[in-house]
Amino acid sequence: MTDVTGAPADVLHTLFHSDQGGHEQVVLCQDRASGLKAVIALHSTALGPALGGTRFYPYASEAEAVADALNLARGMSYKNAMAGLGHGGGKAVIIGDPEQIKSEELLLAYGRFVASLGGRYVTACDVGTYVADMDVVARECRWTTGRSPENGGAGDSSVLTSYGVYQGMRAAAQHLWGDPTLRDRTVGIAGVGKVGHHLVEHLLAEGAHVVVTDVRKDVVRALTERHPSVVAVADTDALIRVENLDVYAPCALGGALNDATVPVLTAKVVCGAANNQLAHPGVEKDLADRGILYAPDYVVNAGGVIQVADELHGFDFDRCKAKASKIFDTTLAIFARAKEDGIPPAAAADRIAEQRMAEARDRR
């Protein structure tokens, strides 16, 4: 079903009428010469210019791409608010297989579209885009972060993303077991790509037992060859059923926590880098009902956005790492608020973020 514009009616309902909507601006971008089709969604600029990455992915349909951009942009508003940044939330998605259609011409065209927003949206890397891509985009758009050090940027933001997730895990351990250490705890990581493999390093350094899976078997093989103590399992379905699993870390795409996975999850804690881990509203309550402590994804994975935001002001790694270290305290505060209010941690984080955005709007 479509409306008079030809857009899927469910997408427009989400944008204008649902609790998941409320976006300020959505831009559809097309450059026929390069093959670019992109969606830029700005959820909120209450705290400042919208900041969020560019996802390059072969969506099954344009409607799916728009829906993903809306969800991701909304998540960035909450993430940036909880990270204490002077930025609102935005996200862009480029439709297509990056292995097939990514080109310099396409990235330059995308950069021109971002630049046309006049600084309302600041872009960076996400799934399917890398530092080298942002260097190209930056040739057309000064509101680009995640660039290489050679081009005035901070480089790979996955380093601090993984560090923040690690701090979130430590906070969960402190809250649940009374000690922030992960030594001798068993942690299962789904997705050991840009962020996940750094997370493995943090956990091994502390003496944790690590179990991994990834759809790319060559990545898993390289990791286990480098770290023989790491155990690999066939897939995520096997990982979430591992006996005596203490922590489950979804570090691939979103929707990992759903009606099929939550009932069989053996872990006591969920804390991972993936965005939008809760497949739909209500999953956070299902986790709480099972006694599983959920560290809200947009809180613990904020290390990367802390890094790219700092790039706009002259990057300093030590300053960024100090900010990312505070994810430990922020996560503990969310658990305390959840206990005090009798609600799941995801709802507690939402309340705090929404309050910060509302206060910023009131000050305008």
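Refer to the structure above for everything that follows.
Rules used throughout
Every chain's residues receive numbers from 1 upward, in the order its sequence appears when written. Totals for whole chains, interfaces and linings use every residue, but because this is a predicted model, local features are given only for residues with pLDDT of at least 70 and side-chain atom pairs only at 80 or more, for both listing and counting. Side-chain measures were taken over the full set of non-hydrogen atoms in the model, leaving aside hydrogen atoms and water. We count a stretch as a helix when DSSP gives it H or I for four or more residues in a row; a strand needs E for two or more, and each element gets its number in order from the N terminus. For the radius of gyration, the atoms used are the C-alpha atoms, and the globule rule reads 2.2 Å times the number of residues raised to 0.38. In this scheme, a residue with accessible area under 20% of its type's maximum is buried, one over 50% is exposed, and one in between is partly exposed, where area comes from a 1.4 Å probe on protein chains only. For this analysis, residues touch if any pair of their heavy atoms sits within 4.5 Å. In this description, accessible areas are obtained by the Shrake-Rupley approach with a 1.4 Å probe, and a residue is regarded as covered only by the protein chains that are shown. Positive charge is attributed to Lys and Arg, negative charge to Asp and Glu, and no charge count is given to His or to the chain ends. By convention, the point assigned to a charge is CZ for Arg, NZ for Lys, CD for Glu and CG for Asp. Note on definitions: angles span 0 to 180 degrees between N-to-C directions of axes, and those axes are lines fitted to C-alpha atoms, for helices only across the stretch in contact. We call two directions roughly parallel when the angle between them is under 35 degrees, roughly antiparallel when it is over 145, roughly perpendicular when it lies between 65 and 115, and oblique otherwise. Two helices that cross are described as forming a left-handed crossing if the nearer one is turned anticlockwise from the farther one by less than a right angle, and a right-handed crossing if clockwise. Should a side-chain nitrogen of Lys or Arg be within 4 Å of a carboxyl oxygen of Asp or Glu, the pair is scored as a salt bridge. We call a set of buried residues a nonpolar core when its members are Ala, Val, Leu, Ile, Met, Phe, Trp, Tyr or Cys and they connect through side-chain atoms within 4.5 Å of each other.

A. Broad picture of the overall build of the chain. Helix and strand counts for the chain come out as 15 helices and 12 strands. Taken against the 2.2 N^0.38 rule, which gives 21 Å for 364 residues, the C-alpha radius of gyration of the chain at 20 Å falls within 12% of a compact globule. If you line up the chain on its principal axes, its C-alpha atoms span 55 × 45 × 45 Å. A buried classification covers 52% of the 364 residues belonging to the chain. Within the chain, residue pairs in contact and separated by at least 24 positions form 64% of the contacts whose partners lie at least 6 positions apart. Counting only carbon and sulfur atoms, one obtains 50% of the accessible surface of the chain, whose full area is about 15,600 Å². Between the mean site of the 35 positive side-chain charges and the mean site of the 45 negative ones, the chain shows a separation of 3 Å.

B. Main features of the environment of Tyr 130. On the secondary structure map, Tyr 130 appears in the loop between strand S6 (121–122) and helix H5 (131–137). Each C-alpha atom of the pair Tyr 130 and Ser 148 lies 9.5 Å from the other, and the pair is 18 residues apart in sequence. In this structure, Tyr 130 is in contact with Lys 102, Cys 125 and Lys 194, ignoring residues within four places of it in sequence.

C. Focus on the packing of helix H6 (residues 158–177) against helix H7 (residues 196–206). In the contact formed by H6 and H7, the axes pass within 8 Å of each other and the chain directions differ by 45 degrees. By the angle between their directions, the pair H6 and H7 is classed as oblique. At the point where H6 passes H7, the crossing takes the right-handed sense. Taken together, the residues of H7 that come into contact with H6 (itself represented by Ser 158, Val 159, Ser 162, Tyr 163, Val 165, Tyr 166 and Met 169) are His 198, Leu 199, His 202, Leu 203 and Glu 206.

D. Focus on the pattern of salt bridges. Going through the model one piece at a time under the given rule, you end up with 17 salt bridges. Among the salt bridges present, the one from Asp 68 reaches Arg 55, with a minimum N-O distance of 3.7 Å. Of the two residues, Asp 68 is situated in helix H2 (residues 62–82) and Arg 55 in strand S4 (residues 54–57); the sequence distance between them amounts to 13 residues. Per residue, the accessibility class of Asp 68 equals that of Arg 55, and both read buried. Of the charged contacts in the structure, one is a salt bridge between Asp 341 and Arg 351, with a shortest N-O distance of 3.2 Å.

E. Spatial organisation of the nonpolar core. Grouped together as the largest cluster of nonpolar side chains are 67 residues, with contacts concentrated most on Tyr 110, Met 169, Ile 189 and Leu 203. In terms of residue count, the dominant contributor to this core is H6 (7 residues). Residues within four places of Tyr 110 in sequence aside, it is in contact with Leu 36, Ala 38, Ile 40, Thr 54, Ala 92, Ile 94, Tyr 121, Thr 123 and Val 137.

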